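Structural overview for review
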Amino acid sequence: AGTTGVYKSTNGGATWVQVSTGIPSSSLGVATIAIDRANPSLLYAGLFASSGFGLVRSTDAGATWIPMTSSVLPKATFDGLAIDPTNSSIVYAASMNGGVFKSLDKSVTWTDSSTGFPTFRITALAIGPTSSTTLYARVRDAGMYKTTNAGGNWALSNNGLSASLDVVAYASALVVDPSNPSVLYTGTFSGGTFKTTNSGANWTPVNNGLPANSGGAL
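This section reports on the structure supplied with the text.

What counts as what
Every residue gets a number counted from 1 within its own chain, in the order that chain's sequence is written. The predicted origin of the model limits local features to residues at a pLDDT of at least 70 and limits the giving and counting of side-chain atom pairs to 80 or more, whereas totals for whole chains, interfaces and linings rest on all residues. Working from all heavy atoms in the structure, the side-chain values ignore hydrogens and water. At least two DSSP bridges between two strands are needed for those strands to be called paired. By definition, any uninterrupted DSSP run of H or I lasting at least four residues is a helix, any uninterrupted run of E lasting at least two residues is a strand, and each is numbered from the N terminus. The cut-offs for exposure are 20% and 50% of the maximum accessible area for each residue type, with area from a 1.4 Å probe on protein chains only; residues under the lower value are buried, those over the upper are exposed, and the others partly exposed. Contacts described as polar in this section are N or O atom pairs within 3.5 Å, which, within protein, must combine one atom able to donate a hydrogen with one able to accept it, while residues neighboring in sequence count only if both atoms come from side chains. Whether two residues are in contact is decided by their heavy atoms, any of which lying within 4.5 Å being enough.

**A few points about the sheet that holds strand β18 (residues 204–205)**
An order of β15-β16-β17-β18 is seen for the four strands of this open sheet, with the pairing classed as antiparallel. Only two strands of the sheet have a single partner each, and these edge strands are β15 (174–176) and β18. Pairing of β15 with strand β16 (residues 184–188), which is carried by three bridges, proceeds in the antiparallel orientation. Within the sheet, the bridge partner assigned to Leu174 lies in β16 and is Thr186.

The following block contains the structure:
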């Protein structure tokens, strides 16, 4: 669990202990966490960074954390993390102030993977349960973007979404159906929740029964 630090439970959430050793004191909190399914002791966390680096890694199940200090990565908040479901050596990290970055070696080295974005303010990142090449990104003040070539380039995938619905802002809800990668859901602050059944080609609202403005988390 991410809050002002990282917390861990080994009894299904009954109790929690803080496991934040090594996370920079300048961090304002934890924005996102990803676990390597092939090696659950390997975790990544994106931080709300007021200064310093915003991406950290643990190789001992959270006992200690090491800042990722690559010269390629910006000193900024990281709101999105995604691990390739077919090859966990491939990791993607998205920053509110720097774009999308890709590692082929479990975060040891990174390359910029932001071609096609009009702005670099990424608030969420998602990859399908079986696809190793298709990812989706929420871009603040621009909406939804998609890549089908593993981050080689990105294109707008916004039909049915509107900037007037506050598609971006700080709403970071973006999930892929685990049994059907063509189905995704995203949340907005002023327009509620939206769904696509054709891999982002079209989006429709799915708000029946939800309070107004729902969509901050899914």
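**Let's talk about unusual backbone geometry**
Phi at Ala61 takes a positive value of approximately 60°, unusual for a residue other than glycine. Turning to its location among the elements, Ala61 is positioned in the loop between β5 (55–58) and β6 (66–67). For Ala61, a relative accessible area of 23% puts it in the partly exposed group. Even without glycine at this site, Lys106 takes up a positive phi of about 60°. As for its position among the elements, Lys106 is in the loop between β9 (99–103) and β10 (111–112).

**Regarding the side chain of Ser95**
With respect to the secondary-structure elements, Ser95 resides in strand β8 (residues 91–95). Given a relative accessible area of 0%, Ser95 falls into the buried group. Of the polar contacts made by the side chain of Ser95, one reaches the backbone nitrogen of Asn97; its length is 3.0 Å. Not counting residues up to four positions away in its chain, the partners in contact with Ser95 are Pro74, Ala76, Thr77, Phe78, Phe120, Arg121 and Ile122.

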